[in-house]
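# Observations on the three-dimensional arrangement
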Amino acid sequence: MPEDEESKKEEPMEENDFGDIAEGNGKAAETASMSNGNHAAVEAMPEDEEEAAETTKHMDEVEDVEDPDDKKKKKIHMKVSPDAPWSERMWEVFTTFWPLGFIAFGGPQAHIAILKDHLVDQRDWLDEEQFTELFAIGQGLPGPTSTQLVVSTATSRAGPLGGLMAFFIWNFPGLVVLTCAGILIEEFVDPNNPPWYLAGLPPAAISLVFKAFYGFASKLDNLQICLALFSCLTAILINNDEDIRPSSSQFIFPSLLVIGGLITYIDSKREKPFSTYTSPSKGWDAQDDTTFKRIGIPLWVGALLFFVWAGVLALVIILRDVVEVDNVYLEIFEVMYRIGSIIFGGGQVVLPMLQDEVVPSWMTNDQYLQGLGLAQSMPGPLFNFAAYLGAVFKGVGGALVAYCGLFGPGVILIFAMVPFWARLRHNQSFKVILAGVNASAIGLVGAACVILWESAIVNAADAMVFSVAFTMAIVWNVQAPLCILAGGCIGAILHPDALNLGQVPYCVEQIEDSQVENQRRLEKVARTLLFFT
């Protein structure tokens, strides 16, 4: 080590100065330098107890950190110590997640990247291993994965109330916009004749579902691809067969997930399994229970929350299907809570289930697809789409009931699961079953691509919009809002009220409907000309 660096290492540090770590040529030198620097910092701590506590609580905001390429980058450290008073940690949770609710575009994958950048790389709330463990919790539970990651990280920081606050501010922008959109579309937009500015939204939204399926399926091995294909074919058959009711999906879809988990579990017991299974994690905080104490949820409360989730699910199903209580808000809550309790794989997987339930009983297919395009362009989780569906059906009250119903199971289960997580991650069987469940869920995303394509792409103009948006999303990696905006602009340009290009439908029945619509437009133009003459 050079003399100037060695002398710098041995030089005593000034009061309240944690110093810079000298760059060593070897790992041992770097470790020794860090150890000496920390020792000097401890000796330089002020003797006054209040000042010492303040120094421990408030850390440096910016510090130079050496990355693997030996290039220094700025890292924003947490301003509040993990052991700071609860009120200060709650305020930190609020200031951290409030801006994220406005910039979290791009779907679950983008959300995970944003959260990792802010919580691990910038603010140093938790290390990468802890973050990965919490992400795996959401992957193994029904509900929106990115939202569950928000709840679990905030809970590990400021307890259950911190998790609830992060949940609401993470979803707030999308909730407000989609609720307003649902009310306005119901009041001002003719569902049988959507305006020109909404024509391009459905095909552009479908392109993002295709992108999500491509991203999921590309990571599967041969056995998992077979499971995904089986669930995909089954879902497609259910939605287009005269002898099978589409509503049977509420039982068949969960069965597909169970079958997938059983197959991978049986395969893992073979001497030479078809699939590759990773070993269980050591579990985060396996040697230290400080984080679990900060979470503040005892094991018995976690177990009780599982019973609460199951009890509410059984109660609403009995009230609606057995007792046959005639209440529209109970109907909304039962549909959303039941779907939220059985859906694995995030927002894209929930689309075919929601479509089966709400079209045509709650809204038209065009209204559903228009809302889907808007939801794809909003920040936050795709589960906010529930607010739009409820608003179209029953206004603000319906939006809030649908929102709570779809999000409720995932939020309850993430709070229930966190206290048990370190033990479950030691269980190899749990991870093996989870691999099959996820593969089957990905197959449902593929089915959503086929089902939504059939209903959204009705003519050449829609296909052109889809092609442009899909290219932007896959090839150029353009963010979802810009893809939706581009699709809306192209759809408006090609609309019959503008250039009137590519409007011949693909299906015979649609051609007849198109001819009737064109005749209606000509009569409208003729009446307008007659009025002015």
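Residues numbered from 1 in each chain as written. Predicted model: local features only at pLDDT ≥ 70, side-chain atom pairs only at ≥ 80, totals over all residues. Heavy atoms only, no water.

### Thoughts on the packing of helix α13 (residues 328-342) against helix α16 (residues 385-417)
- Orientation of α13 relative to α16, taken along the N-to-C sense of each, is 40°, at an axis distance of 8 Å. Taken together, α13 and α16 sit at an angle that is classed as oblique. Between α13 and α16 the crossing geometry is right-handed.
- When grouped by side-chain class, the residues that make up the contact of α13 with α16 number 16 nonpolar, six polar and two charged. (Axes fitted to C-alpha atoms, helices over the stretch in contact; angles between N-to-C directions. Helix = DSSP H or I, 4+ residues; strand = E, 2+ residues; numbered from the N terminus. Parallel < 35°, antiparallel > 145°, perpendicular 65-115°, else oblique. Left-handed = near helix turned anticlockwise from the far one by under 90°. Nonpolar A, V, L, I, M, F, W, Y, C, P; charged D, E, K, R; others polar.)

### A closer look at the pattern of salt bridges
- Per the counting criterion, the structure on display carries six salt bridges.
- Note that D267 is salt-bridged to R270, the shortest N-O span being 3.6 Å.
- With relative accessibility at 37%, the residue R270 sits in the partly exposed group.
- Where salt bridges share partners, they join R320, E331, E334, R338 and E357 into one cluster. (Salt bridge = Lys/Arg side-chain N within 4 Å of Asp/Glu carboxyl O. Buried < 20%, exposed > 50% of the residue type's maximum accessible area, 1.4 Å probe, protein only.)

### A closer look at the packing of aromatic side chains
- According to the stated counting rule, one finds 18 aromatic pairs in the structure shown.
- Aromatic side chains W98 and F102 sit 5.1 Å apart centroid to centroid with 70° between the ring planes, which places their arrangement in the edge-to-face category. Of this pair, W98 and F102 both sit in helix α4 (residues 86-103), separated by four residues, roughly a single helical turn.
- You can call W98 partly exposed: its relative accessible area is 32%.
- For F102, a relative accessible area of 41% puts it in the partly exposed group.
- The interplanar angle of 65° and the centroid separation of 5.2 Å between the aromatic rings of Y368 and F385 together place this pair among those described as edge-to-face. Taken together, the residues span a long stretch of sequence, with Y368 in helix α15 (residues 365-376) and F385 in helix α16 at a distance of 17 residues.
- Here a set of aromatic residues connected by ring pairs shows up, and it is made of W91, F94, W98, F102 and F172. (Phe/Tyr/Trp six-rings, centres within 6.5 Å; stacked < 30°, edge-to-face > 60°.)

### Notes on the confidence of the model for the protein chain
- Chain-level pLDDT for the protein chain is 75 on average; 69% of the residues reach the 70-or-more range.
- A low-confidence stretch, residues 1-75 stays under pLDDT 50, and its non-local contacts, those more than four residues away or across chains, total 68 contacts. (pLDDT = per-residue confidence, 0-100. Contact = heavy atoms within 4.5 Å.)

### As for α13
- For α13, with 15 residues, the first-to-last C-alpha span of 22 Å sits near the 21 Å given by 1.5 Å per residue.
- The set of residues buried in α13 consists of L330, I332, E334, V335, M336, Y337, R338, I339, G340, S341 and I342.
- The backbone nitrogen of Y329 lies 2.9 Å from a side-chain oxygen of the residue at the head of α13, namely N327. (Expected span 1.5 Å × (residues − 1). Polar contact = N/O pair within 3.5 Å; in protein donor to acceptor, adjacent residues only side chain to side chain.)

### Side note on a nonpolar patch on the surface
- Residues W98, F102, I103, F172 and V176 make up a contiguous nonpolar surface patch of roughly 430 Å² in combined accessible area.
- Looking at the nonpolar patch, the elements that each hand over two or more residues are α4 and α7 (145-188).
- Of all the elements, α4 adds the most residues to the nonpolar patch, at three residues. (Patch = residues over 30% accessible without salt bridge, like charges linked within 9 Å, V, L, I, M, F, W, Y side chains within 5 Å. Areas by Shrake-Rupley, 256 points an atom, 1.4 Å probe, with all protein chains shown as cover.)

### Side note on the environment of I169
- Within the fold, I169 resides in helix α7.
- In this structure I169 comes out as buried when scored by relative accessible area, which is 9%.
- Discounting residues that sit within four places of it in the chain, I169 has contacts with V93, F94, F97, W98 and G101.

### Section: the packing of helix α19 (residues 460-474) against helix α20 (residues 480-494)
- Where α19 meets α20, the closest approach of the two axes is 9 Å, and the angle between their N-to-C directions is 155°. Relative to α20, the element α19 is oriented roughly antiparallel. With respect to the hand of their crossing, α19 and α20 are arranged in right-handed fashion. In this structure, α19 uses A461, M464, V465, V468, A469, M472 and A473 to contact α20, whose residues at the interface are L482, C483, A486, G487, I490, G491 and L494.
- Here the contact of α19 with α20 is built from residues that sort into twelve nonpolar, two polar and no charged.

### Quick notes on helix α18 (residues 428-456)
- The end-to-end C-alpha separation of α18 is 42 Å, in line with the 42 Å expected for 29 residues at 1.5 Å each.
- With respect to burial, α18 is a largely interior element, 21 of its 29 residues being buried.

### Regarding unusual backbone geometry
- Here the bond from V359 into P360 is cis, since omega is 5°, no more than 30 degrees from zero.
- Structurally, P360 is set in the loop between α14 (347-358) and α15.

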